[in-house]
Amino acid sequence: MDVQRTRGEGDVASPRHRGRTLRTVVVVLIVLCGATASVLAWQLASGQIAHARSSAPAKFATPRRSGGRGAGSGPGATATTAPPTAQRAAPDTTSPSPTTTSTAGPIRILEIGDSLGVDLGVAMQSTWSSGRVQLTMAARTDTGLTDSAYYDWPRVLAGLLASARPQVVIILLGANDLQSIVTGTTILLDGTPAWNAAYAARVTAIISESVRAGARALWVGEPAMQNAFLDAGMTRLDGIAEGVVAHYPGEAAYLSSNTTLAPGGSFATAISGPTGQEVQVRTSDGVHLTFAGSDMLAAAVGEALANAWGLQVSSQ
C-alpha cells in the first residue's frame, strides 16, 4: 500500500543533515578568517601599515611669549627640533675661522643654556632682527654641566655645531650646577678645589668645541640670585667661566649679566630701566627673568657681540 508523503517531507533537512551543514559553514568561516589574518600579517611584515602611519607630517611647537615663567619646570622653548644627540663630531675644518667670520647674509647664532637661557633665547628671538640673525635656540631647562648623565651638553653641542654651523655660540649655564660631579667611581663635592678644576674643564670643553667648529663663543654669566647660597655659587661659577674665556682672546668673550640685571652688585627684583622708570626684571622665584628683564639682557648681549666682533643683531 502506497503511503502518501506527509507535507514537507523531503524538503526539510533531517537533524543529521543540518549538523553537517553547520559544520561546513564553520569550516568556511575559519578558512576566511585565517586568510584575512595572513594578509594583515604580510602587510605588517612588509611595512605597508607602518609606512602609512609614518607618512603623516610632523608637528613642532613654536615658542610664544605668554604668561609668567615658573621655577624652570617643563621643556625649554626652542625654535628647532630637539637638540641632536649624535656622537662627538670631529673638528670641522671647512667652517670659517673665528677671525674671518663672514657677515654676509644673516649671522648664524646658536644659543644654549638652562632655563635662564630659555628666558634669554625667547627674548633674542622676539627682539633681534630676523633679517640680520638666523637664530637656533637650543637652551633646555634643568640642564647644566655637572650632571652629564642627565644631559650631556658637549655631546649635544657637537650635533648642533654640525647641523646649524653657527658663527657665534651664546652660552648661559650654571644655575643647576651646584651639585657633586660623578665620574665613574669618583665623586667630587661641590665647592672643593678638585670640583672647581673639573668644572673649569667642562667649561673649557664647551668653549673649545665651539671654537674648533669655527664659531666665536660668548659666555653669559648667571645673574645674582635672591637665595644667598645660590647667589654665592653663581658668583663662583661665573668667575670660573670668566677665567676660562680669558684663555681664548679674540675667539671667546665673557658678559656679566649683573651689569644689566643687578647693577648694584646684588639681587634686585626691580631696577631702573633704560628711560629711568623702575622695571621689574626678576620673577617671584628669585631666579628667572621677567620678559622685561629678558629683553634688557638680550639687548646687552647684542651690544657685546657688536663690541667684541662688530656683529650687528639689531635692525636699529
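Look a little higher up for the structure.
In what follows, the accompanying structure is described.

Parameters at a glance
Residues numbered from 1 in each chain as written. Predicted model: local features only at pLDDT ≥ 70, side-chain atom pairs only at ≥ 80, totals over all residues. Heavy atoms only, no water. Phe/Tyr/Trp six-rings, centres within 6.5 Å; stacked < 30°, edge-to-face > 60°. Helix = DSSP H or I, 4+ residues; strand = E, 2+ residues; numbered from the N terminus. Buried < 20%, exposed > 50% of the residue type's maximum accessible area, 1.4 Å probe, protein only. Expected span 1.5 Å × (residues − 1). Arc of directions from axis to C-beta. Contact = heavy atoms within 4.5 Å. Polar contact = N/O pair within 3.5 Å; in protein donor to acceptor, adjacent residues only side chain to side chain. Pairing = 2+ DSSP bridges. Axes fitted to C-alpha atoms, helices over the stretch in contact; angles between N-to-C directions. Right-handed = clockwise from strand over helix to strand, strands pointing away. Salt bridge = Lys/Arg side-chain N within 4 Å of Asp/Glu carboxyl O.

## A look at the packing of aromatic side chains
All chains considered together, the criterion is met by two aromatic pairs. Taken together, a centroid distance of 5.1 Å and an interplanar angle of 5° make the contact between Trp-195 and Tyr-199 stacked. Residue Trp-195 and its partner Tyr-199 are both found in helix H5 (residues 193–212); the two are separated by four residues, about one turn of the helix. The exposure class of Trp-195 is buried, given its relative accessible area of 0%.

## Notes on helix H6 (residues 228–245)
With 18 residues, H6 extends 26 Å between its outermost C-alpha atoms, agreeing within 8% with the 26 Å of an ideal straight helix rising 1.5 Å per residue. Of the residues making up H6, those classed as buried are Leu-230, Gly-233, Met-234, Leu-237, Asp-238, Ile-240, Ala-241, Val-244 and Val-245. Projected onto a plane normal to the axis of H6, the buried residues spread over an arc of 160° and lie on a single side. Every exposed residue of H6 that faces more than 90 degrees away from the buried side is listed here: Ala-228 and Thr-235. Summarising the contacts, the buried residues of H6 are in contact with H5, strand E6 (216–220) and strand E7 (252–255). Measuring from the backbone nitrogen of Phe-229 back to the side-chain oxygen at the start of H6 gives 3.0 Å, which picks out Asn-227 as the cap.

## Description of the sheet that holds E7
Backbone-to-backbone hydrogen bonds pair the strands of a sheet. The strands run either parallel or antiparallel. Taken in spatial order, the five strands line up as E2-E1-E3-E6-E7 in an open sheet, and their pairing is parallel. Each end of this open sheet is capped by a strand with a single partner; those strands are strand E2 (133–137) and E7. Looking at each pair of strands side by side, their axes are set apart by 20° on average, direction ignored. The sheet contact formed by strand E1 (residues 107–113) and E2 spans five bridges and is parallel.

## A few points about helix H8 (residues 291–309)
In a regular helix each residue adds 1.5 Å, so 19 residues correspond to 27 Å; H8 covers 27 Å between its end C-alpha atoms and thus fits that length. Regarding H8, the residues found buried are Gly-293, Ser-294, Met-296, Leu-297, Ala-298, Ala-300, Val-301, Gly-302, Ala-304, Leu-305 and Trp-309. Phi for Gly-310, located one or two positions after H8, is positive at around 70°.

## What to know about the pairing of E6
In terms of residue burial, E6 counts as a mostly covered element, since five of its five residues are buried. The two faces of E6 match: Arg-216, Leu-218 and Val-220 on one face and Ala-217 and Trp-219 on the other face are all buried. Bridge count for strand E3 (residues 168–172) against E6 is four bridges, and the pairing is parallel. Bridge assignment links Ile-171 to a residue of E6, and that residue is Trp-219. With H6 bridging E6 and the parallel E7, this β-α-β connection has right-handed handedness.

## Quick notes on the pattern of salt bridges
Inspection of the entire model under this criterion finds one salt bridge. Of the charged contacts, one joins Arg-236 and Asp-190 as a salt bridge, the two residues approaching to 2.9 Å between their closest N and O atoms. Of this pair, Arg-236 sits in helix H6 while Asp-190 sits in the loop between strand E5 (186–188) and H5, placing them 46 residues apart in sequence. On the accessibility criterion, Asp-190 (24% relative accessible area) is partly exposed.

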